[in-house]
Amino acid sequence: MKISELLREKEVTISCELFPPKKGSELQKAHDVVREMAQLKPAYISVTYGASGGISEHTVDLANEVQNVNDVIALAHLTCASSGRDKIQEVLGELQEKKIENILALRGDIPADLDFPLPNQYHHASELIQEIKAFGDFCIGGACYPEGHPEAESIEADIDNLKRKVAVGCEFLTTQMFFDNNILYNFLYRILKKGIEIPVIAGIMPVTNINQINRITSLSGTILPQRFRAIVERFAENPAALKQAGIAYATEQIIDLIANGVNNIHIYTMNKPDVAGAILANLSEIYKAE
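Since the structure is predicted, the reported quantities are computational estimates derived from the model, not experimental observations.

Cut-offs applied
Residues numbered from 1 in each chain as written. Predicted model: local features only at pLDDT ≥ 70, side-chain atom pairs only at ≥ 80, totals over all residues. Heavy atoms only, no water. Helix = DSSP H or I, 4+ residues; strand = E, 2+ residues; numbered from the N terminus. Contact = heavy atoms within 4.5 Å. Areas by Shrake-Rupley, 256 points an atom, 1.4 Å probe, with all protein chains shown as cover. Salt bridge = Lys/Arg side-chain N within 4 Å of Asp/Glu carboxyl O. Core = buried A, V, L, I, M, F, W, Y, C linked by side-chain atoms within 4.5 Å. Buried < 20%, exposed > 50% of the residue type's maximum accessible area, 1.4 Å probe, protein only. Pairing = 2+ DSSP bridges. Phe/Tyr/Trp six-rings, centres within 6.5 Å; stacked < 30°, edge-to-face > 60°. Axes fitted to C-alpha atoms, helices over the stretch in contact; angles between N-to-C directions. Parallel < 35°, antiparallel > 145°, perpendicular 65-115°, else oblique. Left-handed = near helix turned anticlockwise from the far one by under 90°. Nonpolar A, V, L, I, M, F, W, Y, C, P; charged D, E, K, R; others polar.

Enquirer: Is there a simple way to explain the overall build of the protein in this structure?
Expert: Looking only at helices and strands, the protein has 11 helices and 8 strands in total. Long-range contacts, defined here as pairs at least 24 residues apart, represent 81% of the contacts in the protein between residues at least 6 apart. As displayed, the protein has an accessible area near 13,900 Å², and 49% of this comes from carbon and sulfur atoms.

Have a look at this one:
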């Protein structure tokens, strides 16, 4: 099933994300994580393409495991910052062969040791979207940044870039993580004013350890509200309490989003089925997986 069709049903959807292992020897463990995630019955599971601009040779394998082994819709990430056109064509062929029809098209992080762009590379996610559209009948999603892309001149310029993605075939958007729902509500108003009317999926990250918080603030520039900072300061020395508080905070965010009409939620689970499971348990009457 195409995710665009799923989102048109107007029901609450909660999806999860996982990332492939860096080493082939860890692939079986990743398959176990897929199985545990699938047992939670998310609307779909997305599989990333490699961190910090890298390429994962296991993305297609895990997307296949999600969809064709565990019977959950798979969303395969595909990034072009570190992949030439030949590699992109190869991956698209593999996805098509395995009947995985949903792709999240991203530029991705630019590797520190790479001159970007090379002659055989795409410059922007919009170019990648065009290529995917020309290749076959895929449902294509894209990323959006409620606080503005870190490299954009302004939020308005970033929204203009977003509009270009939609114009060439992006069918739904997933947001970067945010910790203040008002930031999202303001962003949704601004993009609607610009004529962007495709579904937007709210990306929520349950922060469960101090290292995650440090990484978020150093890499993404995401604003941490004072209320969230107070939680971190109070429980920073107690990992179990911080994990519980992080799950509670994410749960409260999701409840507020759904209450205000944002029905599509994506949880950045960091390969932790127990965290996803705890959130879904907290939402058991709000989100009833069929």
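More follows now that the structure is in view.
Enquirer: Please explain the pattern of salt bridges as it appears in this structure.
Expert: All chains considered together, the criterion is met by 10 salt bridges. A salt bridge links E156 to R190; the shortest N-O distance between them is 2.7 Å. In this pair, E156 sits in helix 6 (residues 155–167) while R190 sits in helix 7 (residues 181–193), placing the two residues 34 residues apart along the sequence. Several salt bridges converge on common partners, so that one network encompasses E156, D160, R190 and K194.

Enquirer: Before we go on, may I ask you to explain the nonpolar core in this structure?
Expert: The biggest cluster of nonpolar side chains holds 75 residues, and the ones touching the most others in it are L78, I132 and I265. Per-element tally for this core: the top contributor is helix 2 (residues 27–39), with 6 residues.

Enquirer: What exactly am I supposed to notice about helix 3 (residues 59–69) here?
Expert: Structurally, the α-helix is built with 3.6 residues per turn, so residues lying three or four positions apart point the same way. Counting buried residues along helix 3, 8 of its 11 residues qualify, which places the element largely inside the surrounding structure. Within helix 3, the full set of buried residues consists of T59, V60, L62, A63, N64, E65, V66 and Q67. Buried residues along helix 3 sit against strand 1 (13–18), helix 2, strand 2 (44–47), strand 3 (73–79) and helix 4 (85–97). After helix 3 finishes, the residue D71 shows a positive phi value of roughly 60 degrees.

Enquirer: Looking at this model, I keep getting lost on the pairing of strand 8 (residues 264–267). Mind explaining?
Expert: In the case of a regular strand, side chains alternate between the two sheet surfaces. Residues N264 and H266 line one face of strand 8 and the alternating positions I265 and I267 line the opposite face, and both faces are buried. Of the pairings in the sheet, the one linking strand 1 to strand 8 comprises 4 bridges and is parallel in character. If you follow C16 over to strand 8, its bridge partner there is I267. Where strand 7 (residues 200–204) lies against strand 8, 3 bridges are found, and the strand directions are parallel. Across the sheet, A202 pairs through a bridge with I265, a residue of strand 8.

Enquirer: Before we go on, may I ask you to explain the environment of E5 in this structure?
Expert: Note on placement: E5 falls in helix 1 (residues 3–7). Between the C-alpha atoms of E5 and E171, which are 166 residues apart in sequence, the distance is 10.0 Å.

Enquirer: What exactly am I supposed to notice about the packing of aromatic side chains here?
Expert: Each pair of aromatic rings is reported with the distance of its centres and the angle of its planes. The full count for this structure, using the stated rule, is 3 aromatic pairs. What links up through ring pairs into an aromatic cluster is the set F179, F228 and Y249.

Enquirer: Whenever I open this one, the packing of helix 6 against helix 7 confuses me. Can you help?
Expert: If you want to describe how two helices pack, look at the angle between their axes and the distance between the axes. With their axes 10 Å apart at the nearest point, helix 6 and helix 7 run at an angle of 60 degrees to one another. In terms of axis orientation, helix 6 runs oblique to helix 7. Crossing geometry of helix 6 relative to helix 7 is assigned as right-handed. Contacts between helix 6 and helix 7 involve I155, E156, I159 and L162 from the former and F187, R190 and I191 from the latter. Residues of the contact of helix 6 with helix 7, tallied by class, amount to 5 nonpolar, no polar and 2 charged.

Enquirer: Got a minute to help me understand the packing of helix 4 against helix 5 (residues 125–135) in this structure?
Expert: Here helix 4 crosses helix 5 at 45 degrees, and the two axes come no closer than 11 Å. Accordingly, the angle class assigned to the pair helix 4 and helix 5 is oblique. Classified by chirality, the crossing of helix 5 by helix 4 is right-handed. In contact with R85, I88, Q89, L92, G93 and Q96 of helix 4, helix 5 contributes E127, L128, E131, I132 and F135. Per-class residue counts for the contact of helix 4 with helix 5 are 5 nonpolar, 3 polar and 3 charged.

Enquirer: What should I look at first to understand the sheet that holds strand 1 in this one?
Expert: Sheet strands associate in pairs through backbone hydrogen bonding, adopting either a parallel or an antiparallel arrangement. Judged by pairing direction, the barrel is parallel, and its 8 strands sit side by side in the order 1-2-3-4-5-6-7-8 before closing back on the first. Adjacent strand axes in the sheet meet at a mean angle of 30 degrees when their direction is disregarded.

Enquirer: In this structure, what is going on with unusual backbone geometry? I would like to understand it.
Expert: Trans peptide bonds make up the majority, and among non-glycine residues the majority have a negative phi. Phi is positive for K41, which is not a glycine, with a value near 60 degrees. In this fold, K41 is placed in the loop between helix 2 and strand 2. Overall, the relative accessible area of 49% leaves K41 in the partly exposed class. Non-glycine residue D71 carries a positive phi angle of around 60 degrees. If you trace the backbone, D71 turns up in the loop between helix 3 and strand 3. Of the residues examined, D71 reaches a relative accessible area of 69% and is grouped as exposed.

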